[in-house]
Amino acid sequence: MEIKKGNAMNVFEETLTLNNGVAIPRLALGTWLIDDAAVADAVKAAAAIGYRHIDTAQAYGNERGVGEGIRGCGVPREKLFVTTKVAAEHKTYDAAAASIDASLAKMGLAYLDMVIIHSPQPWKAVNQSDDRYYEGNREAWRSLEDALSAGKVRAIGVSNFGEGDIDNILGACRVKPAVNQVLAHIANTPKALIDRCQAQGIAVEAYSPVAHGEAMKRPEIAAMADKYGVSVPQLCIRYDWQLGLIVLPKTANPDHMRDNAAIDFAISDADMQTLLGLETMTDYGDAGFFPVFGGRL
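Given the structure is predicted, the values throughout are model-derived calculations rather than measurements.

### Regarding the overall build of the protein
Here's step 1: Across its full length, the protein holds eleven helices and eleven strands.
Here's step 2: Computed over the C-alpha atoms, the radius of gyration of the protein is 18 Å, within 12% of the 19 Å expected from 2.2 N^0.38 for a compact globule of 297 residues.
Here's step 3: Seen through its principal axes, the protein has C-alpha atoms that stretch 50 × 45 × 35 Å.
Here's step 4: Looking at the protein as a whole, 55% of its 297 residues are labelled buried.
Here's step 5: Counted over contacts in the protein with a minimum sequence separation of 6, partners at least 24 positions apart contribute 73%.
Here's step 6: Approximately 12000 Å² of the protein is accessible, and the part contributed by carbon and sulfur atoms is 49%.
Here's step 7: Averaged over its 29 positive side-chain charges, the protein has a centre that lies 4 Å from the centre of its 37 negative ones.

Listed below in structure tokens is the structure:
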């Protein structure tokens, strides 16, 4: 993977070259929990600010609005990188393939830049079952490979996949995953998984870099942010950035979008190690319903 830096630390211009040669912007707008009725305006605002990477999912229920925002933001389609995710429940070839076509139709787009399998387990089984759905994930992956071959997508990947789940795909695939999108933030960094993926040429994307806002409540994180004269979200995003990750902060607020991109500073190696060693966060407050945290749907 090659990181191409923008001029004067323009984070919107910095890209990472995926293992298939496609360039992906390293800073994205995440859209989880942004209502379909509001997300088009969020996408348009982000594009006006400079964001060129927008991340959504079938499970978010806002693909229609994201598509509206993409089509109406005034930025040429080829300048934007749009990702969606196949719902975690789709563990057959036909179901996954049909869902990709449905996403394209719902979003009103001729192609998607990337499609990702949202989870190795259906949400109801997350943390509730030992079944990793290996066969179903191989079938879903085959549908992504065929969508890639058909020109419906430019890159394919996975999300929330552990090392065993990755190995399952690598053992049967024609196309290696381009990314693994995982929860990664200060006080919860899956460093072994990140290292393993990066060693395999699989880029890692970090969702919820500010821990769904819970990082704001950790005094040691706030103290480190004060040391650098930045906000807690800026420190958190920069932390993931320095780990070589693609970072996906979620917000519908244009002011927050601007602040999230103001990461033109460097965390020292010693402070990175301190942050990496913080006690793991396990309580995500109001966001604790998210199935990855408890298998509840």
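### Overview of the pairing of strand β7 (residues 112-117)
Here's step 1: Burial within β7 is extensive, with six of its six residues counted as buried.
Here's step 2: Note: strand β6 (residues 81-86) against β7, four bridges, orientation parallel. In the strand pairing of β7, Thr 84 is matched with Val 115.
Here's step 3: Following the chain from β6 across helix α3 (residues 93-107) to the adjacent parallel β7, one finds a crossover that is right-handed.
Here's step 4: Relative to strand β8 (residues 153-159), β7 runs parallel, the two sharing five bridges. Considered in β8, the bridge of Val 115 is made with Ile 156.
Here's step 5: Each parallel crossover has a hand, and for β7 linked through helix α4 (residues 134-149) to β8 it is right-handed.

### Quick look at the UniProt feature "binding site: substrate" (unreviewed entry) in the protein
Here's step 1: UniProt's feature table lists "binding site: substrate" (unreviewed entry) at His 118, given in the numbering used throughout.
Here's step 2: As for its placement among the helices and strands, His 118 is situated in the loop between β7 and α4.
Here's step 3: Beyond its immediate stretch of four places on either side in the chain, His 118 contacts Ala 57, Ala 59, Tyr 60, Lys 85, Val 86, Ala 87, Ala 88, Trp 123, Ser 159 and Asn 160.

### Focus: the pairing of β8
In the case of a regular strand, side chains alternate between the two sheet surfaces.
Here's step 1: Across the seven residues of β8, six count as buried, placing the element largely inside the fold.
Here's step 2: As paired strands, β8 and strand β9 (residues 179-183) are joined by two bridges and run parallel to one another. Among the inter-strand pairings, Ser 159 is bridged to a residue of β9, identified as Gln 181.
Here's step 3: Regarding topology, helix α5 (residues 163-170) serves as the crossover connection from β8 to the parallel β9, and that connection is right-handed.

### Considerations on the sheet that holds strand β2 (residues 15-17)
Here's step 1: Reading across the sheet, the three strands line up as β1-β2-β3 and stay open at both edges, with antiparallel pairing between neighbours. Where the open sheet ends on each side, the last strands, each with one partner, are β1 (2-4) and β3 (23-25). Averaged over all adjacent pairs, the angle separating strand axes in this sheet is 30 degrees, with direction ignored.

### Topic: the side chain of Thr 189
Here's step 1: Mapping Thr 189 onto the fold places it in the loop between β9 and α6 (191-199).
Here's step 2: By relative accessible area, which is 18% here, Thr 189 ends up buried.
Here's step 3: Reaching out from Thr 189, the side chain makes a polar contact with the backbone oxygen of His 185 at a distance of 2.8 Å.

Cut-offs used in this document
Residues numbered from 1 in each chain as written. Predicted model: local features only at pLDDT ≥ 70, side-chain atom pairs only at ≥ 80, totals over all residues. Heavy atoms only, no water. Helix = DSSP H or I, 4+ residues; strand = E, 2+ residues; numbered from the N terminus. Rg over C-alpha atoms; globule rule 2.2 N^0.38 Å. Buried < 20%, exposed > 50% of the residue type's maximum accessible area, 1.4 Å probe, protein only. Contact = heavy atoms within 4.5 Å. Areas by Shrake-Rupley, 256 points an atom, 1.4 Å probe, with all protein chains shown as cover. Lys, Arg positive; Asp, Glu negative; His and termini not counted. Charge placed at Lys NZ, Arg CZ, Asp CG, Glu CD. Pairing = 2+ DSSP bridges. Right-handed = clockwise from strand over helix to strand, strands pointing away. UniProt positions renumbered as here; feature names shortened; annotations may be inferred. Axes fitted to C-alpha atoms, helices over the stretch in contact; angles between N-to-C directions. Polar contact = N/O pair within 3.5 Å; in protein donor to acceptor, adjacent residues only side chain to side chain.

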